[in-house]
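Working through the structure, step by step
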Amino acid sequence: ALGAPVTVERISLGWLSGASLEGIEIANMDGGADTPLLRIGRVHIEVDLPALLSRKVHVRNISIEDLEVALERRAKDGAWNVQALHPQEPAAGGPPAPASESAPWAVAVDKVSLEGKARLLANGKTLEIPELRIAGSAPDLLAQPARLHLTARAASGDADWTLDVEGQGSAARSSGSVKVALKG
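Predicted model only: the values in this text are computed from it and were never measured.

Looking at the pattern of salt bridges
All chains considered together, the criterion is met by six salt bridges. In this structure, Asp48 and Arg60 form a salt bridge, with 3.5 Å as the shortest nitrogen-oxygen distance. Of the two residues, Asp48 is situated in the loop between β3 (38-47) and β4 (56-72) and Arg60 in strand β4; the sequence distance between them amounts to 12 residues. Within the structure, one salt-bridge network assembled from shared partners comprises Glu22, Arg42 and Glu65.

Overview of the layout of surface pockets
Space inside the largest pocket adds up to approximately 240 Å³. Lining the largest pocket are 14 residues; nearest its centre among them are Gly14, Trp15, Gly18, Val47 and Leu49. Examining the composition of the lining of the largest pocket, we find that three residues originate from one element, β3, more than from any other. Residue composition of the lining of the largest pocket, by class: eight nonpolar, three polar and three charged. One number sums up the size of the second largest pocket: a volume of about 160 Å³. Every residue lining the second largest pocket is listed: Thr35, Pro36, Arg39, Glu68, Val69, Ala70, Lys117, Ala118, Arg119, Glu128, Ile129 and Pro130. Listed by contribution, the elements that provide at least two residues to the lining of the second largest pocket are β4, β5 (106-122) and β6 (125-138). Looking at the lining of the second largest pocket, its residues break down into six nonpolar, one polar and five charged.

What counts, and where the lines are drawn
- Residues numbered from 1 in each chain as written.
- Predicted model: local features only at pLDDT ≥ 70, side-chain atom pairs only at ≥ 80, totals over all residues.
- Heavy atoms only, no water.
- Salt bridge = Lys/Arg side-chain N within 4 Å of Asp/Glu carboxyl O.
- Helix = DSSP H or I, 4+ residues; strand = E, 2+ residues; numbered from the N terminus.
- 1 Å grid on protein atoms, 1.4 Å probe; cavity = no way out; pocket = protein on both sides within 12 Å on 5 of 7 lines; lining within 4 Å.
- Points joined across faces, edges and corners; volume = space filled by probe spheres on them.
- Nonpolar A, V, L, I, M, F, W, Y, C, P; charged D, E, K, R; others polar.

Here it is, written out as structure tokens:
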């Protein structure tokens, strides 16, 4: 569970059209700004349902539209609002989860796209990022590197800048490569 209230205005499911969630909001921390920590206009996911019968999760497309993120650092204790989202550590002890004896599932993501904006509030200063785009794919998420491209344009004072980040990496292997370009 998240450490903040979450609301979703609408959920729609279709065998051929996929799943959509609209009007998603995650509330900001206590003592934070009145704006939500996260607001997403729409998330749409298309999954190849027959592939599930072959123990493969094949996501054809994940698109996140109209994302708004407000990262905020509280002045009184320096805590970031995203820290409230971390689940509490589980209590120590208890039996370990049983190991699965079946064959592992394969996971593939053909396309991921995100478009939105962000606002960073820290130490009384604000950085607006009016354009944020992320695109990527992971042909075999558990065995091959995932590819990701992030582009952000922002303004701070009189300076405008653009950040381009391209990379690939594997969480399973803790390895990867990144190319960064900052203009402005």
